[in-house]
Amino acid sequence: MNRYPLWKYITVLVAVIIGLLYTLPNFYGESPAVQVSSAKATIKVDPAMLSRVEQILTDAKIPNEGVYYEQNGTLGTVRARFASTDLQLQARDLIDKSLNTVAGDPHYTVALNLLPASPAWMRALGWFAPKPMYLCLDLRGGVHFLLQVDMQGALTARYDSLAADVRSVLRDQKVNVAGVERSGMAIAATFANSDDRDRAISTLRSRLPDLEFTEREENGKPLLMAALNPAAVTRVQDSALKQNINTLHNRINELGVAEPVIQQQGGDRIVVQLPGVQDVAKAKELLGRTATLEIRMVDDTPAAQAALLGGSVPFGLERYNDRDGRPILVRRQVILTGENLQDAQPGRDSQTQQAAVHLTLDSKGARIFRDVTRDNIGKRMAILLFENGKGEVVTAPVIRSEIAGGQVQISGSMSSEEAADTALLLRAGALAAPMSIIEERTIGPSLGADNIAKGFYSTLYGFLAIAAFIILYY
């Protein structure tokens, strides 16, 4: 009879126990749940939301199998488990109605979800808690979306930005120009004479190498048309596609989907597969949500403030509210957008040690920001976030001095937590171009269940056959 040291038997026993422990979640299945997450980048789900959801369910006498708060980086979600889908649907409707009191402007995303039905003692293991095997769309069911990216929208935004660059370059080089504006998929600059146009061409070719120029005459005045070259158009489209994919990853995290598939298909399409998603309408709402980041100047002049108090908005200005609900008048002209932001990190002011947000701009953004801050010392600059067509002022700091080099600091009356939230908001970015859903398929789990059952029974029968053969042979 073969004999081995005791430690080898113990090692095998421990390995078998660990293997069984991490296999158990697959036998418990999943339980219906409701997940609460933020629908706006300026609103955070914190542990206090857990008590609020518990109170809502208690007041309505809806039984639950536990309410949990989970922190994923700086994002938070609250999840509540239920014994049946009927209770899940009742709870979803009630929580959504209680938290989102303003119709058409939801502050929180309340979505249906499925969570592993592992017992409490298993979930209490924290980081070491075993998790079930994640199944793909074919085995678990879910939804499949094919999204079409509007490349014309991405190019339009790029030309709007280039028009501002052309104005800035010609102004810096003291080239006289009657007007610069976007004209379709091109930039049109009008001059008083041909000499000014020739100087403009020479200057712009060295400063903006992505543009190709065409000289024309219109109403007896020299006209210069500028358009992106084919290589630059390809870069803009590729960048828009990649930014949209990154943004979709951030949004799908709000649904709590395990192992989502988000990948490029062709030159202007994105495939999104969400295994196990129950709430298809909520998934479509998140995927189609638009958000843009803009930096504009605040108008605090006495005339503007008087008009604001009188309930009117002067020409050339727009009214928005800050995070505390106070109205602010900002100019229509957009100085910078989220495309010019490379990074945003929370930190401290080196002089006052107050919480601050440190921004890093690209070369173009750094040049524009330097000029704007030099010309507007003592004035306020607003950072606005637009979501679902509605804008909100995230912060409006005062410009203290000229800021060069592309390193920008936002400081003021904010806590360390608010600085971290603002940095996350600015880093999150937005869709570089609009998207539309051109194909949608809902895949039921029945086919996957049949395949799983067949695989299980084929393995079981094969194991029994081999065991019987070994017993009879040996």
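Just above sits the structure.
Residues numbered from 1 in each chain as written. Predicted model: local features only at pLDDT ≥ 70, side-chain atom pairs only at ≥ 80, totals over all residues. Heavy atoms only, no water.

Asker: Would you take a moment to explain the overall build of the protein chain for this structure?
Answerer: Helix and strand counts for the protein chain stand at 14 helices and 21 strands. Counting all 474 residues of the protein chain, 40% fall into the buried class. When contacts within the protein chain are restricted to residue pairs at least 6 apart in sequence, long-range pairs at least 24 apart make up 68% of them. (Helix = DSSP H or I, 4+ residues; strand = E, 2+ residues; numbered from the N terminus. Buried < 20%, exposed > 50% of the residue type's maximum accessible area, 1.4 Å probe, protein only. Contact = heavy atoms within 4.5 Å.)

Asker: I keep staring at helix α12 (residues 363–375) and nothing clicks. Help me out?
Answerer: Owing to its 3.6 residues per turn, the α-helix aligns residues three or four sequence positions apart on the same side. Look at α12: 19 Å from first C-alpha to last across 13 residues, which is about the 18 Å you get at 1.5 Å a residue. Looking at α12, one finds that the buried residues are K364, G365, A366, I368, F369, D371, V372 and T373. (Expected span 1.5 Å × (residues − 1).)

Asker: Is there a simple way to explain the packing of helix α7 (residues 151–172) against α12 in this structure?
Answerer: A pair of packed helices is captured by two measures, namely the crossing angle of their axes and the spacing between those axes. Two numbers describe how α7 lies on α12: the axes approach to 12 Å, and their chain directions differ by 55°. By the angle between their axes, α7 is oblique relative to α12. Between α7 and α12 lies a crossing of left-handed hand. In this structure, α7 contributes R158, S161, D165, S168 and D172 to the contact, and α12 contributes K364, R367, I368 and D371. In terms of residue class, the contact of α7 with α12 is made up of 1 nonpolar, 2 polar and 6 charged. (Axes fitted to C-alpha atoms, helices over the stretch in contact; angles between N-to-C directions. Parallel < 35°, antiparallel > 145°, perpendicular 65-115°, else oblique. Left-handed = near helix turned anticlockwise from the far one by under 90°. Nonpolar A, V, L, I, M, F, W, Y, C, P; charged D, E, K, R; others polar.)

Asker: How do you make sense of the nonpolar core when you look at a structure like this?
Answerer: Generally speaking, a soluble globular protein has its nonpolar side chains buried in company with each other. Grouped together as the largest cluster of nonpolar side chains are 24 residues, with contacts concentrated most on F145, L248, I270, V272 and L274. Elements with a minimum of two residues in this core: β5 (142–149), α7, α9 (230–252), β11 (269–275) and α10 (280–287). With 5 residues, the top contributor of residues to this core is α9. Sequence-distant contacts of I270, that is, excluding residues within four places in its chain, are made with F145, L146, L147, V149, L241, N244, I245, L248, I262, Q263, Q265 and M435. Listed in part, the 23 residues of the second largest apolar core include V166, V175, L204 and A226. (Core = buried A, V, L, I, M, F, W, Y, C linked by side-chain atoms within 4.5 Å.)

Asker: Would you mind going over unusual backbone geometry with me for this structure?
Answerer: Glycine aside, residues mostly have negative phi angles, and peptide bonds mostly take the trans form. Phi at K174 is positive, roughly 55°, even though this residue is not glycine. Relative to the assigned elements, K174 resides in the loop between α7 and β6 (179–182). What makes K174 exposed here is its relative accessible area of 66%. Notably, N219 is not glycine yet its phi reads approximately 55°, a positive angle. For N219, the location among the structural elements is in the loop between β8 (211–218) and β9 (221–228).

Asker: Hey, could you run me through the pattern of salt bridges in this one?
Answerer: Evaluation of the coordinates by the stated rule reveals 16 salt bridges. Its salt-bridge partner being R370, residue D371 comes within 3.1 Å of it at the nearest N-O pair. Its relative accessible area of 5% is what places D371 among the buried residues. Here R370 falls in the partly exposed class, since its relative accessible area comes to 28%. (Salt bridge = Lys/Arg side-chain N within 4 Å of Asp/Glu carboxyl O.)

Asker: When you look at the sheet that holds β11 in this model, what are you seeing that I'm missing?
Answerer: Neighbouring strands of a sheet are bound in pairs by backbone hydrogen bonds; such pairs are parallel or else antiparallel. Strand order in the open sheet made by the 4 strands is β10-β11-β5-β21, with antiparallel pairing throughout. The strands lining the two open edges of the sheet, one partner per strand, are β10 (261–265) and β21 (435–443). With direction set aside, neighbouring strand axes in the sheet form an average angle of 20°. Strands in contact with α9 are β5, β10, β11 and β21; relative to β11, the strand with the most contacts, it is inclined by about 15°. (Pairing = 2+ DSSP bridges.)

Asker: Would you explain the side chain of H144 in this entry?
Answerer: Tracing the backbone through its elements, the reader meets H144 in strand β5. You can call H144 buried: its relative accessible area is 8%. Among the polar contacts listed, one links the side chain of H144 to the side chain of Q273, at a separation of 3.3 Å. (Polar contact = N/O pair within 3.5 Å; in protein donor to acceptor, adjacent residues only side chain to side chain.)

Asker: When you look at the sheet that holds β9 in this model, what are you seeing that I'm missing?
Answerer: Spatially, 4 strands are ordered β6-β7-β9-β8 in an open sheet, and the strand pairing comes out antiparallel. Because the sheet does not close on itself, it has two edges, and the strands there are β6 and β8. Here the strands of the sheet are splayed against their neighbours by 20° on average, with no regard to which way each runs. Relative to the sheet, α7 contacts β6, β7 (187–190), β8 and β9, its axis offset from that of β6 by approximately 165°.

Asker: Help me out: how do you make sense of the pairing of β10 in this one?
Answerer: Each regular strand displays side chains that alternate between the two surfaces of the sheet. As judged from the 5 bridges shared by β10 and β11, these two strands associate in the antiparallel manner. In the sheet register, Q264 faces β11, and the bridge partner there is I270. Connecting β10 to the next strand, β11, in antiparallel fashion are 3 residues, including G266 with a positive phi near 75°.

Asker: Explain the packing of aromatic side chains to me, please; I cannot follow it from the model alone.
Answerer: In this description, a pair of aromatic rings is defined by centroid distance and the angle of the planes. For the structure on display, the rule yields 5 aromatic pairs. Ring geometry for Y4 against Y9: centres 6.4 Å apart, planes inclined by 70°, an arrangement best described as edge-to-face. Seen from their ring centres, F456 and Y457 are 5.4 Å apart, and the 75° between their planes marks the pair as edge-to-face. Classification of F456 by relative accessible area gives partly exposed; the value is 49%. Each residue in the set F456, Y457 and Y461 is aromatic and connected to the rest through ring pairs, giving one cluster. (Phe/Tyr/Trp six-rings, centres within 6.5 Å; stacked < 30°, edge-to-face > 60°.)

Asker: Explanation requested: the pairing of strand β16 (residues 341–348) in the structure shown.
Answerer: As defined by bridge partners, β16 adjoins strand β17 (residues 355–361) across 7 bridges and the pair is classed as antiparallel. What sits directly across from A344, in β17, is L359. Two successive antiparallel strands, β16 and β17, enclose a turn made up of 6 residues, where Q353 displays a positive phi of approximately 65°.

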